[in-house]
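Listed here are the chains, written in short residue letters.
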Amino acid sequence: YKVLRDEGQYHTMTCGKDDLKKGDSKFPFHRNEIYKDSMDLGFSDAIRTGGKNGVVFDKQHNEAYRDFLESTTVTLQDGITTISGMEAYESCVIKARSVVDNVIDNGLCDSMSFADHIYPDTFVKDTAIELLRRRPRDEGQQQQSSKPWFLQVNFPGPHGPVMSTAAMAESVKNREWPVPLYATVDSKNKNTHVCPQQQRLSSLPPQPEFTGRCNYGAQIEHIDKLMSIIVNEGVRQTQDDPNAFILDDTLICVVGDHGEMLGDHNLSDKKKPWQSSIAVPMICAGSTVQRGQVYNSPVTILDLFGTFMDYAGVTVPETMSTRSLRPILDYYNHNNVADNGFLPVRTHVSSGLSSGKSDWRLVIKEINGTPYKLICCRGSDCGIPGPSTAKPKVEVVIYENGDDMEWSHLLYDVLADPLDLNPIHDLRQDLVMQLRPLLPTGWCPSPDVVSGGDAFTL
């Protein structure tokens, strides 16, 4: 952000839950708000929020979405009782975690009190519009500015708590949703990961809904509409200048920061090395970007920053490892890859997590046209649930000082086995040996890299 702002002379903006520094009290959430020893994250303007939970629990900071909720009044379905937007939000989003059979019954959460206009993603859309409207203008030009700009919009959804307004829930109610893969039903012979509102009595009025794949889908479709509104605002700002149509000179990328199990293998949430959790969408569009192309080699969202700097015409600092995806976006064609002479942007991509019982690292590398994933864990079972077939190869490494440690690993063909059902490490130890050195130093060491040590397999 600093490179774009200071070297590229861009007006840089961010809104929503950017997670750049959790619990940050030294960067303003509001415009012109100054803290002692403020941290410069590289933005010219910002309206930052703390996320779905932070808005309720992290009250030490002056947070824009909380201010909005506390200053907004909503009316309950009885048409008489009024409460604050914060009371409605906390009742629907936070207290909904303790619901029974997905039925929310606390008196303050209904179709009128928890409406689209106070929904967290809607608020982020509104702040994005505000940032676009207050960005610098050239003197004498109300709409257009010659100063280039960068806007990062951080929607808190789709993300748990998976809460939809009544209108959002109703919009997806009568569709057939794919059931989670390789999952069993619960004790009541229903799968709550699919669409709980379809199990309601049809005579009941639409209400806010909690959890379920269809409500996750409703969040995605809601965000899709919000993104369209933001893009249209940019177009509106330049509509009086036929030579400055925004989409002719704008790169738009839509990405997620992590996946979601959504019931696959009876699991939910993130934090797992399985593809449903680690794989994210990355979709880019622009006037020079190739249309309808799919790039299957491993890439990482970390390279978006190098990509933006490339398009902005600034040099990536040597201290940064990010790379540019621009050659792929502008020139790649999956129909004639051999003629393009393309090499992967990276030799491999990595991921990992150390949180609670989860302690794993992984590397994905394309070998002879096939992407393989090697998962390495401390201990014999990674401390994480997973597919029933996920039986790792366990090794005990004895170090030079006499200490020993269990390491386990799994190997998958990502394209042929996108749901991590058929590990191939027992058959392809040759690939395991190729991928081990790409893991972080010290992870799943082979005997020849343990100085003076030894290893054996359980």
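Before going into details, it helps to say that this report is about the structure given with it. (Residues numbered from 1 in each chain as written. Predicted model: local features only at pLDDT ≥ 70, side-chain atom pairs only at ≥ 80, totals over all residues. Heavy atoms only, no water.)

## Quick look at the packing of aromatic side chains
In total, this model carries 12 aromatic pairs according to the counting rule given. The interplanar angle of 40° and the centroid separation of 4.4 Å between the aromatic rings of Tyr-1 and Phe-43 together place this pair among those described as tilted. Of this pair, Tyr-1 sits in the segment before helix 1 (2-7) while Phe-43 sits in the loop between strand 1 (11-16) and strand 2 (45-48), and the two are 42 residues apart along the sequence. Assigned by exposure class, Tyr-1 and Phe-43 land together as buried. Taking 5.4 Å as the distance between ring centres and 65° as the angle between the ring planes, the aromatic pair formed by Trp-407 and Trp-443 counts as edge-to-face. A residue pair is termed long-range when its members are at least 10 positions apart, and Trp-407 in strand 14 (residues 404-413) and Trp-443 in the loop between helix 12 (429-435) and strand 15 (454-457) qualify at 36 residues. Accessibility classification places Trp-407 together with Trp-443 in one group, the buried group. (Phe/Tyr/Trp six-rings, centres within 6.5 Å; stacked < 30°, edge-to-face > 60°. Helix = DSSP H or I, 4+ residues; strand = E, 2+ residues; numbered from the N terminus. Buried < 20%, exposed > 50% of the residue type's maximum accessible area, 1.4 Å probe, protein only.)

## Observations regarding the pairing of strand 10 (residues 349-355)
Note: strand 10 against strand 11 (residues 358-367), 7 bridges, orientation antiparallel. By the bridge assignment, Val-349 is partnered in strand 11 with Ile-364. If you look at the hairpin formed by strand 10 and strand 11, you'll find 2 residues sitting between the two strands, and Gly-356 has a positive phi there, around 60°. (Pairing = 2+ DSSP bridges.)

## Quick look at helix 3 (residues 64-71)
Residues of helix 3 that are buried include every one of Ala-64, Tyr-65, Arg-66 and Leu-69, and no others. Among the structural elements, strand 2, helix 2 (51-57), strand 4 (82-84), helix 4 (85-94) and helix 5 (120-134) are those in contact with the buried residues of helix 3. A distance of 2.7 Å separates the backbone nitrogen of Tyr-65 from a side-chain oxygen at the start of helix 3, and that oxygen is part of Glu-63. (Contact = heavy atoms within 4.5 Å. Polar contact = N/O pair within 3.5 Å; in protein donor to acceptor, adjacent residues only side chain to side chain.)

Read these as layout, nothing more, since geometry by itself doesn't imply function.
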